[in-house]
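Summary of structural features
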Amino acid sequence: MLTVDFDRLGLHPGDRVLDLGCGAGRHAFEMYRRGADVTAFDQDADELAGVAEMFGAMAQEGQGAADGARAVEGDALHLPFADASFDRVVAAEVLEHIPNDTRAITELVRVLRPGGTIAVTVPRYWPERLCWALSDAYHEVEGGHVRIYRADGLAGQLTQAGLEVTGRDHAHALHAPYWWLKCAVGVDDDANPMVKGYHRLLVWDLMKKPALTRTAEHLLNPVLGKSVVLYARKPA
C-alpha cells in the first residue's frame, strides 16, 4: 500500500533516495524496484532486519542492483549522512511519532541536495482527530502519535525549514472507516466480526485492485483520505 506518488516526487532510476522511518519497507521496496539507490532508515532493528532480507531477495531476483539498497539503523534527529547526500527523500507516516519534529525536518532538509525533492505524509487532521476522540489507546502507546497535523501548518514548517512546497494530495480513503471502527470497538480487538470483515475487504482491494474500489477511493480521497501528502523541493 503506497502513499507517495513517485512520479510527483520526480523519482528516476539511479536517484539516491532516503526512506526515513521506513518501517516494513513498503516505499523502499517500490523505489528499489524502480531502479533507485535506496537507503531505508529506521530505529527499529527488527523491522530493518526484515527490510534488509527483502532487499537481498529482490536483488537475487533481478529486481534491483545488488549494491543498490541498504538498511540503516539510527536516530531521525541525528542522521548519519553528509549534507546533500540524497536526490529524493520520503518521510511517510513518521513525523507524527517524533516529539521534536522541527529537528527531524531540519535533518531531512540538510541531507537533501539542492534541487532535490521530498514527500512527507502524515495522518490527515479530521480523520485523525476522530480516532483520538474515539480511543485513547489509539495514540497513548509507546512510540504512538504525539500530535495531529493540519496540512497548512505542516506546509508552513517545511517552508520555514527552507523548502518550496509544490503540491498536496490525499490517500487511503477506504482505510479511514476501518480505523474509526477499530477505535470504537477497541484498537486491540482484531477478533471483532466487523473489524475482521472490513480487514478482509481491504486485503481483497489491495491484492485484486478491482475497478470499483479503486474508483471509489480515488473519488473519496479528497474528502475522506486518511493521509495527507506534501511534495516539496529544496531550492537549487
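Let us look at the structure shown here.

Rules used in this analysis
- In this numbering scheme, every chain counts its residues from 1 along its sequence in written order.
- Given that the model is predicted, a residue must reach a pLDDT of at least 70 before its local features are reported, and side-chain atom pairs must reach 80 or more before they are shown or counted; all residues, however, enter totals for whole chains, interfaces and linings.
- In computing side-chain values, all of the structure's heavy atoms are included and hydrogens and water are not.
- Working definition: helices are DSSP H or I runs of at least four residues, strands are E runs of at least two. Numbering for both runs from the N terminus.
- Each radius of gyration reported is based on C-alpha atoms, and the globular scaling rule is 2.2 Å times the count of residues to the power 0.38.
- Pairs of residues are marked as contacts when any of their non-hydrogen atoms sit within 4.5 Å.
- Note on areas: these come from Shrake-Rupley sampling with a 1.4 Å probe, and a residue is covered only by the protein chains present in the view.
- His is not counted, nor are the chain ends; Lys and Arg add positive charge and Asp and Glu add negative charge.
- Here the site of a charge means NZ on Lys, CZ on Arg, CG on Asp, or CD on Glu.
- To estimate the expected span of a helix, subtract one from its residue number and multiply by 1.5 Å.
- Only protein chains enter the accessibility calculation, which uses a 1.4 Å probe; a residue is then buried when its area is under 20% of its type maximum, exposed when over 50%, and partly exposed in between.
- Of all possible arcs, the one meant is that of the directions from the helix axis to the C-beta atoms.
- Two N or O atoms form a polar contact when they lie within 3.5 Å of each other; inside protein one atom must be a possible hydrogen donor and the other a possible acceptor, and for residues adjacent in sequence the pair counts only when both atoms belong to side chains.
- Only when DSSP finds a minimum of two bridges between them are two strands counted as paired.
- Defined by distance alone, a disulfide is two cysteine sulfur atoms within 2.5 Å.
- Here the nonpolar core consists of buried residues drawn from Ala, Val, Leu, Ile, Met, Phe, Trp, Tyr and Cys, with membership extended through side-chain atoms lying within 4.5 Å.
- Only the stretch in contact is used when fitting a helix axis, every axis being a line fitted to C-alpha atoms; angles between N-to-C directions are given from 0 to 180 degrees.

Some points on the overall build of the protein chain
On a plain count of helices and strands, the protein chain comes out with nine helices and seven strands. Here the protein chain has a C-alpha radius of gyration of 18 Å; the compact-globule value for 236 residues is 18 Å, and the two agree. Sequence separation of 24 or more characterises 76% of the internal contacts of the protein chain that already satisfy a separation of 6 or more. Taken as a whole, the protein chain presents about 11400 Å² of accessible surface, with 55% of it coming from carbon and sulfur. Taking the average place of the 24 positive charges on the side chains of the protein chain and the average place of its 33 negative ones, the gap between the two points comes to 6 Å.

Considerations on the side chain of His27
As for its position among the elements, His27 is in helix α2 (residues 26–33). Residues contacting His27, with those up to four places away along its chain left out, are Leu2, Thr3, Val4, Phe6, Asp19, Val90 and Ala92.

Re helix α8 (residues 193–208)
Along an α-helix, residues three or four positions apart point the same way, because every turn accommodates 3.6 residues. End to end, α8 covers 22 Å across 16 residues, agreeing with the expected 22 Å (1.5 Å per residue, within 8%). Along α8, the residues classified as buried are Val195, Tyr198, Leu202 and Asp205. The buried residues of α8 all sit within an arc of 90° when viewed along its axis, so they share a single face. Every exposed residue of α8 that faces more than 90 degrees away from the buried side is listed here: Pro193, Arg200, Met207 and Lys208. Each element contacted by the buried residues of α8 is listed here: α7 (175–185) and α9 (211–224). Where α8 begins, the capping side chain belongs to Asn192, and its oxygen is found 2.9 Å from the backbone nitrogen of Met194. Taken from the residues just after α8, Lys209 is the one with a positive phi, measuring 50°.

Observations regarding the pairing of strand β7 (residues 227–233)
Counted residue by residue, β7 has six buried out of seven residues, so it is predominantly covered. Here strand β5 (residues 112–123) pairs with β7 via seven bridges, running antiparallel. Across the sheet, the residue bridging to Ile118 is Ala232, located in β7. As judged from the seven bridges shared by strand β6 (residues 164–171) and β7, these two strands associate in the antiparallel manner. By the bridge assignment, Gly167 is partnered in β7 with Tyr231.

As for the state of the cysteines
Tallied over the entire structure, the rule returns zero disulfides. For Cys183, which is in no disulfide, the shortest distance to another cysteine sulfur is to Cys131 and amounts to 4.1 Å. Judged by relative accessible area, Cys183 falls into the buried class, the value being 4%.

Remarks on unusual backbone geometry
Phi is positive for Glu93, which is not a glycine, with a value near 55°. The topology assignment puts Glu93 in the loop between β4 (86–92) and α4 (101–111). Look at His172: it is not a glycine, yet its phi comes out positive at around 70°. Within the secondary structure layout, His172 lies in the loop between β6 and α7.

Here's the deal with the nonpolar core
Leu18 and Leu95 are the most contacted members of the largest nonpolar core, which totals 32 residues. At the level of elements, β1 (16–20), β4, α4, β5, α6 (151–160) and β7 are the ones that each hand at least two residues to this core. Counting residues in each nonpolar core, the second largest holds 23 residues, with Leu9, Val51, Phe55 and Ala92 among its members.

Observations concerning the sheet that holds β1
A sheet is described by the order of its strands in space; here seven strands give the open sequence β3-β2-β1-β4-β5-β7-β6, paired in mixed fashion. A strand with exactly one partner marks an edge of an open sheet, and here the two such strands are β3 (69–73) and β6. Across the sheet, the mean angle separating the axes of adjacent strands is 15° when strand polarity is ignored. Each of β1, β4 and β5 is contacted by α4, which is oriented at about 145° to β5, the strand it contacts most.

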